Amino acid sequence: METVTLTIKNQPDLYLEADNITPDAFAGKKADEIANLHVYVGREQHRLGDFFEVSGNAGATPEETKIVVNGDLSRVKYIGMKMTGGEVVANGNADMYVGAWMQGGKITVNGNVDAFAGTGMKDGELVINGNAGNYLGAAYRGDWRGMQGGKITVKGNAGSDLGTFMNGGEIIVGGDVDVHVATHAEGGKIVIKGNAKSRLGGQMVEGEIYVLGNIDVMMPGFAYREDVDIEMDGIKGRFALYEGDLGERHRKRKGQPIYAKLYQQIGA
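What you are looking at is a predicted structure, and each value in this text was computed from that prediction instead of being measured. (Residues numbered from 1 in each chain as written. Predicted model: local features only at pLDDT ≥ 70, side-chain atom pairs only at ≥ 80, totals over all residues. Heavy atoms only, no water.)

1. Comments concerning the overall build of the protein chain
Of the regular secondary structure elements, the protein chain holds two helices and 21 strands. A globule of 268 residues ought to have a C-alpha radius of gyration of about 18 Å, and the protein chain, at 20 Å, matches this closely. Here the C-alpha coordinates of the protein chain stretch approximately 60 × 35 × 35 Å along the principal axes. Going through the 268 residues of the protein chain one by one, you find that 54% of them count as buried. Put simply, 39% of the contacts in the protein chain that link residues at least 6 apart link residues at least 24 apart. Looking at charge distribution, the protein chain has the averaged site of its 28 positive side-chain charges lying 4 Å from that of its 35 negative ones. (Helix = DSSP H or I, 4+ residues; strand = E, 2+ residues; numbered from the N terminus. Rg over C-alpha atoms; globule rule 2.2 N^0.38 Å. Buried < 20%, exposed > 50% of the residue type's maximum accessible area, 1.4 Å probe, protein only. Contact = heavy atoms within 4.5 Å. Lys, Arg positive; Asp, Glu negative; His and termini not counted. Charge placed at Lys NZ, Arg CZ, Asp CG, Glu CD.)

In structure tokens, the structure reads:
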């Protein structure tokens, strides 16, 4: 695998829309060609090289290309957007839409990310070694297709509206989450190792939520069923199983309705 290193040298006056920072856009290009790829600040088009020092040549394909981005990226949007393969490592805090609509490969952020990371994600892996903002793994506003596949891991906390309209894939949050988890979800799996506030699973049709900590307010549409023993992802314990959202439409299997499942660890 060939490695291209980007080091930020000039911060944009507004925000830098850099959807070309992907192995797909870099594949087959030399450093000077990569520096000439376009980026936007507002309506103005610029060169990637106007903001980053570029070193190294890309591999022949996305799968053979690794990108390392260094510096304060808190004004840089769309890193890894729609990527299909390869690897991106961001060494710093990043702005919105990291890994949005990604279809393969791996992104690692050694810092925090802002809103809409992994939105509409179809496949691949996104690892955030800090905190995540709102709408992680969710649908874009006005769309009904959230995360459909792949895996997102957050070592810290996550904001509100996690997994909105989620249809598949897996999200693991090592810390706490804010309100509205898996709203309108029709599939997928969410693991919260810390605490959750309220409105978990509102209008949720199918899928699973696991909470190892406290839930401030349980949704009234979820009904307690039984206590179960669970072992997964290195977690082993006894959980209270709730089903819901009982106020929503639900598909049937062998004549029985299929409900979303919410598990809370007992003794949290």
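2. Section: the pattern of salt bridges
Taken as a whole, this structure holds 12 salt bridges when the rule is applied. With a shortest N-O distance of 3.2 Å, arginine 145 and aspartate 143 are connected by a salt bridge. For the salt bridge of glutamate 206 with arginine 251, the shortest nitrogen-to-oxygen distance reads 2.5 Å. Taken together, the residues span a long stretch of sequence, with glutamate 206 in strand 15 (residues 206-211) and arginine 251 in the loop between strand 18 (235-244) and strand 19 (252-253) at a distance of 45 residues. Overlapping salt bridges bring together Glu186, Glu206, Arg249 and Arg251 as one network. (Salt bridge = Lys/Arg side-chain N within 4 Å of Asp/Glu carboxyl O.)

3. So, the environment of valine 154
Of note, valine 154 is situated in strand 11 (residues 151-154). On the accessibility criterion, valine 154 (1% relative accessible area) is buried. For valine 154, the residues in contact, after removing those within four places along its chain, are Ile128, Gly130, Asn131, Ala132, Leu136, Ile172, Val173 and Gly174.

4. As for the sheet that holds strand 2 (residues 16-17)
As summarised here, the arrangement of the four strands in space is 4-3-2-7, forming an open sheet in which the pairing is mixed. Single-partner strands in this sheet number two, and they are strand 4 (44-47) and strand 7 (76-77). Pairing geometry for strand 2 and strand 7, over two bridges, is parallel. Among the inter-strand pairings, glutamate 17 is bridged to a residue of strand 7, identified as lysine 77. (Pairing = 2+ DSSP bridges.)

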